[in-house]
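Summary of structural features
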Amino acid sequence: MRAVFKVTKNLWDKVHRDIVRPCNRARERVGFLSCKVTTSENGTLIILAYDYHPVSDEHYSLNSAVGACINEEAIRMALQVSLSAKCSMFHVHLHPHKGLPKFSSIDVESNCKLIPDFFGVTSHMPHGAVVFSFDKGEGLLWTSKESAPIPIDEFVVVGNPISIWWPRKSSSVQKPDRDFSRQSFLGAESEEILSQVKVGVVGLGGGGSQIVQQLAHAGVGRYAICDYDRVEESNLNRLVGATVSDAECGRLKTKVADRLIKGVMPDAEVNLVEDKWSGGLKSLSDCLVIFGCADSLKERDELERFCRRNLILYIDIGMDVHKSSESFRVAGQVISSIPDEHCFRCMRLLDDECLESEKRLYGAAGHRPQVIWSNGVLASSAVGIFMNIVCPWHDDLRGPIYQEYSGNGHILTPCGRYERSQKKCPHYQAEDVGDALFNKSDLSSLQQPHQP
Ligand SMILES: [Zn+2]
Ligand SMILES: [Zn+2]
């Protein structure tokens, strides 16, 4: 079993703000993270942290032998949170340095005593412990009261930028056999990061085909690509990678995108979802970022909801051609939705009214005009935003991004309708993460004999 631990940047910061405060009853502070979980197609367990519970000062017992000794009351409160929310609990403490922290033998020993108790209140969820440093972390996971702990393979702090690391880098990690020296400014680790991250692309028509092509050239190694459509002659004006013979035989767009990726990344892992994206949720659930090239606002709304639930960063592109009295106006947007930050509703891309009016017009819209050069600008910008989120090389564009595209003037500008504010997004709740139907049989199917 592979285990991934995800936390939003806001929650990560909250934990760190609390845990570094001095405590007069202990040398260090500890806390608990409430988490929900989900799984992916290949049996990866994804732990999604959503709330933090500090231990209050009076619940530390004076004990000079260890850094922090918490009393029965602190543990009772953590058990109560797990019981009421039916959630996973992860014990958290800090090693105050930069770089990868390591559990001490006392850390492991005390967690082996503490964590199995959580199965007494919430037996169908995994529980565990993490130790954070200022910028990294490692973790242990229990799948049952009796099981030996399993190390967490991957950590992700979801924000703009994203931090991702693998505490126990396996030697089997293969870098792509290509020369990426022309993009070395992305950082010494960028090749490895790009080869390991999984990216979803929903919609492989005009915009999606260019996103897939660019990701492959940039060195992204793992994909989930979704489209149920087949190539037609009318697609050839914009579908990068498609040929006349693809149109003649009606080849699936996923097959064209797969061929495009493998042409530059022969060892890439590509999950093909030849269905509506909602038919491939388990292929998408372990993506780090999903690109949406959806046709409708409704689909954007649903994709954003899915991404929020799984702490996935979502980047959406769209374009349209509007007819005014005497001419045509090409317009579009590239917009990002970062879990625990402003959503598409906060950013005024979506509201109930526009979803409702789209529903009324459904069927009357016909095929929307699409052109390769506008799709190209939007796809390139989306990939550029992604690259700076995953392999940051500048800080000019942080937080949620909403760029509007004028296809007549060939200009991208920050959207004037979106006013950044400190106000939290009221549309999504932190606890609405994970697979609500996750149960004990999911957990036992993930268990494997493990050599500690
Ligand atoms: Zn420690
Ligand atoms: Zn919102």
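Residues numbered from 1 in each chain as written. Chains lettered and ligands numbered in written order. Predicted model: local features only at pLDDT ≥ 70, side-chain atom pairs only at ≥ 80, totals over all residues. Heavy atoms only, no water.

1. Side note on the side chain of His342
What counts, and what does not: To qualify as a helix, a DSSP run of H or I must reach at least 4 residues; to qualify as a strand, a run of E must reach at least 2; elements of each kind are numbered from the N terminus. Throughout this description, a polar contact denotes any pair of N or O atoms lying within 3.5 Å of each other; where both atoms belong to protein, one of them has to be capable of donating a hydrogen while the other can accept it, and for residues adjacent in sequence the pair is counted only when both atoms sit in side chains.
If you trace the backbone, His342 turns up in the loop between strand 15 (328-337) and helix 10 (352-361). Separated by 2.8 Å, the side chains of His342 and Tyr418 make a polar contact.

2. Remarks on empty space enclosed by the protein
This is how it is decided: Points on a 1 Å grid, built from protein atoms alone, make a cavity when a 1.4 Å probe fits but cannot get out and make a pocket when they are open with protein on both sides within 12 Å along at least 5 of 7 lines; residues with an atom within 4 Å of a point are the lining residues. Grid points are joined across faces, edges and corners, and a volume is the space filled by probe spheres set on the points. Throughout the structure description, domain borders are defined by an automatic or database domain assignment. The nonpolar class holds Ala, Val, Leu, Ile, Met, Phe, Trp, Tyr, Cys and Pro. Asp, Glu, Lys and Arg form the charged class, and all remaining residues, Gly among them, are polar.
According to the stated counting rule, one finds two cavities of 30 Å³ or more in the structure shown. The space that makes up the largest cavity amounts to roughly 120 Å³. Looking at the largest cavity, it is lined by 15 residues, and the ones nearest its centre are Arg2, Val4, Glu154, Arg222 and Asp286. If you list the elements that add at least two residues to the lining of the largest cavity, you get strand 1 (2-8) and strand 3 (44-54). The greatest single-element share of the lining of the largest cavity, amounting to three residues, is contributed by strand 1. Residue-level mapping places the lining of the largest cavity at the junction of two domains, with at least three residues from each of domain 1 (2-170 + 437-446) and domain 2 (181-414). For the second largest cavity, the calculated volume is near 40 Å³. As for the second largest cavity, its lining consists of Leu204, Ser209, Leu239, Val240, Lys253, Val256, Ala257 and Leu260. The dominant element in the lining of the second largest cavity, judged by the number of residues it contributes, is helix 7 (residues 253-264), at four residues. Taken together, the residues of the lining of the second largest cavity break down into six nonpolar, one polar and one charged.

3. Focus on the sheet that holds strand 13 (residues 289-292)
Let me state the cut-off plainly: Two strands pair under a simple rule: DSSP has to find at least two bridges between them. For helices, the fitted line uses only the C-alpha atoms of the stretch in contact; every axis is such a line through C-alpha atoms, and the angle between N-to-C directions lies from 0 to 180 degrees. Contacts were defined at the residue level, with two residues in contact if any of their heavy atoms lie within 4.5 Å.
Pairing within the open sheet is mixed, and its eight strands lie in the order 12-11-10-13-14-15-16-17. Either end of the sheet is taken by a strand with one partner, and the two such strands are strand 12 (269-273) and strand 17 (411-414). When strand polarity is set aside, the average angle formed by the axes of neighbouring strands in this sheet is 15 degrees. The sheet contact formed by strand 10 (residues 198-202) and strand 13 spans four bridges and is parallel. Following the sheet pairing, Val199 is matched in strand 13 by Val289. The sheet contacts of helix 9 (residues 297-309) involve strand 10, strand 13, strand 14 (313-323) and strand 15, and relative to strand 14 the element is tilted by about 170 degrees. Against the sheet, helix 11 (residues 372-390) touches strand 10, strand 13, strand 14, strand 15, strand 16 (402-406) and strand 17, its axis set at about 160 degrees to strand 14.

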